[in-house]
Amino acid sequence: MVKARKFVVKNYFKGVPKREDFELVEYELPPLKDGEILLKTEWLSVDPYQRAYNKNNKVPYDQFGFQVGVVQESKDPKFPVGSKVVTHKGWCDYTIAKDGVPSGPVDHVYALPDLKGLSPSLGVGAVGMPGATAYFGFLEICKPKAGETVVVTGAAGAVGSLVGQIAKIKGCKVIGFAGSDDKVEWLEKELGFDKAFNYKTVDVAKALKEAAPNGVDSYFDNVGGEISSIIINQMNRYGRVAVCGSISAYNEDASVMPKATILQPALVFQQLTVRGFLVWEWYSRWQEGFAQLVDWIKSGQLKAREHVTEGFDNIFDAFIGMLAGENTGKAVVKA
């Protein structure tokens with residue numbers, strides 16, 4: 001028998017998640033059945049959607065999330081002992097997984113992509129779900145053309161930092177909004193954004209007008225709220241908006257959602273296309289995206305920065321830090 005630990009969510013989050021909303025449970029794993037694999041967790045992911053999906057699950061539930069694990073025992077020939085796989089089994093140190101069996105909102109188990117010598121941690125970041133989100137959400141919905149102006153909010157996060165760099169690779173002018181001066185400096189000096197702003201210290205409408213005097217062609221929205229209304233109201237005719245998330249409101253009371261400036265006049269008169277998406281719709285093509293992302297990273301065209309927290313026991317702190325914007329790049333936990 002293998003003794004395992006997992007984080008169980010006991011309560012629906014009210015505002016910022018609290019430590020007492022979770023319980024660390026120790027238990028023994030049963031023997032493997034046909035098609036199952038036993039995994040030892042190596043890397044864990046903390047992401048905004050883990051906050052957003054809280055109300056969609058009946059408590060108590062095992063905290064879901066992506067992880068990279070090493071196969072310790074296998075009854076699935078696709079995943080031999082010693083191989084590394086990506087699952088959605090979440091915050092646990094050992095687990096049993098089976099492809100096609102749901103874990104939270106996802107049921108996929110797949111071999112860690114060929115990272116060509118890069119860190120396996122990228123399997124929950126730039127070459128994992130966040131990378132696929134940036135790659136497909138931006139390219140398939142925003143459909144960038146060289147010379148266009150692209151705006152990204154949450155630009156220093158796991159997804160936004162990749163979107164901005166992909167836009168530069170595609171020949172676009174890129175403007176990013178982030179939450180600190182350090183992040184702004186990183187976006188401009190390290191990632192090559194044409195302009196970045198600390199949304200907490202600037203007049204967003206004025207700053208955007210000065211940075212994009214000819215308007216905005218596409219917008220990748222990670223945050224929602226008033227900043228998104230401002231950006232959408234400065235978009236050009238036939239502009240495209242990919243709505244990935246609304247992290248600005250995830251900790252708000254659902255019964256008192258924040259209000260933002262009306263969008264319909266801009267949508268109608270500028271004939272804009274606004275589309276929300278879930279990255280699972282392109283799951284059959286993820287490996288295609290991963291191969292391109294690895295090539296871009298290896299060639300130096302794309303930088304995949306990580307904010308690493310050491311220790312399985314510190315995953316809650318990593319989660320809260322990520323929700324507070326303490327990470328630059330992808331927040332990951334080394335188990």
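Residues numbered from 1 in each chain as written. Predicted model: local features only at pLDDT ≥ 70, side-chain atom pairs only at ≥ 80, totals over all residues. Heavy atoms only, no water.

Draft legend 1. Inspection of the overall build of the protein chain at higher detail. When you go through the protein chain residue by residue, the secondary structure sums to 9 helices and 16 strands. Relative to the compact-globule value of 20 Å for 335 residues, the protein chain shows a C-alpha radius of gyration of 20 Å, a close match. Residue burial in the protein chain is summarised as follows: out of 335 residues, 52% are buried. Contacts spanning at least 24 positions in sequence make up 69% of the contacts within the protein chain whose residues lie at least 6 apart. Of the accessible surface of the protein chain, which amounts to about 14,900 Å², a share of 51% is contributed by carbon and sulfur atoms. Taken together, the 39 basic and 39 acidic charged side chains of the protein chain have centroids lying 3 Å from each other. (Helix = DSSP H or I, 4+ residues; strand = E, 2+ residues; numbered from the N terminus. Rg over C-alpha atoms; globule rule 2.2 N^0.38 Å. Buried < 20%, exposed > 50% of the residue type's maximum accessible area, 1.4 Å probe, protein only. Contact = heavy atoms within 4.5 Å. Areas by Shrake-Rupley, 256 points an atom, 1.4 Å probe, with all protein chains shown as cover. Lys, Arg positive; Asp, Glu negative; His and termini not counted. Charge placed at Lys NZ, Arg CZ, Asp CG, Glu CD.)

Draft legend 2. Molecular detail of the sheet that holds strand β9 (residues 149–153). Read across the open sheet, the 6 strands follow the order β11-β10-β9-β12-β13-β14; overall the sheet is parallel. Both outer strands of the open sheet, β11 (195–198) and β14 (273–276), are each paired with one neighbouring strand and no more. Averaged over all pairs of adjacent strands, the angle between strand axes in this sheet comes to 15°, irrespective of strand direction. Of the pairings in the sheet, the one linking strand β10 (residues 173–178) to β11 comprises 4 bridges and is parallel in character. Residue pairing in the sheet places A178 in a bridge with N198 of β11. Each of β10 and β11 is contacted by helix α4 (residues 181–189), which is oriented at about 175° to β11, the strand it contacts most. Across the sheet, helix α5 (residues 204–211) touches β9, β10, β11 and β12 (216–221), and the angle it forms with β10 is around 165°. (Pairing = 2+ DSSP bridges. Axes fitted to C-alpha atoms, helices over the stretch in contact; angles between N-to-C directions.)

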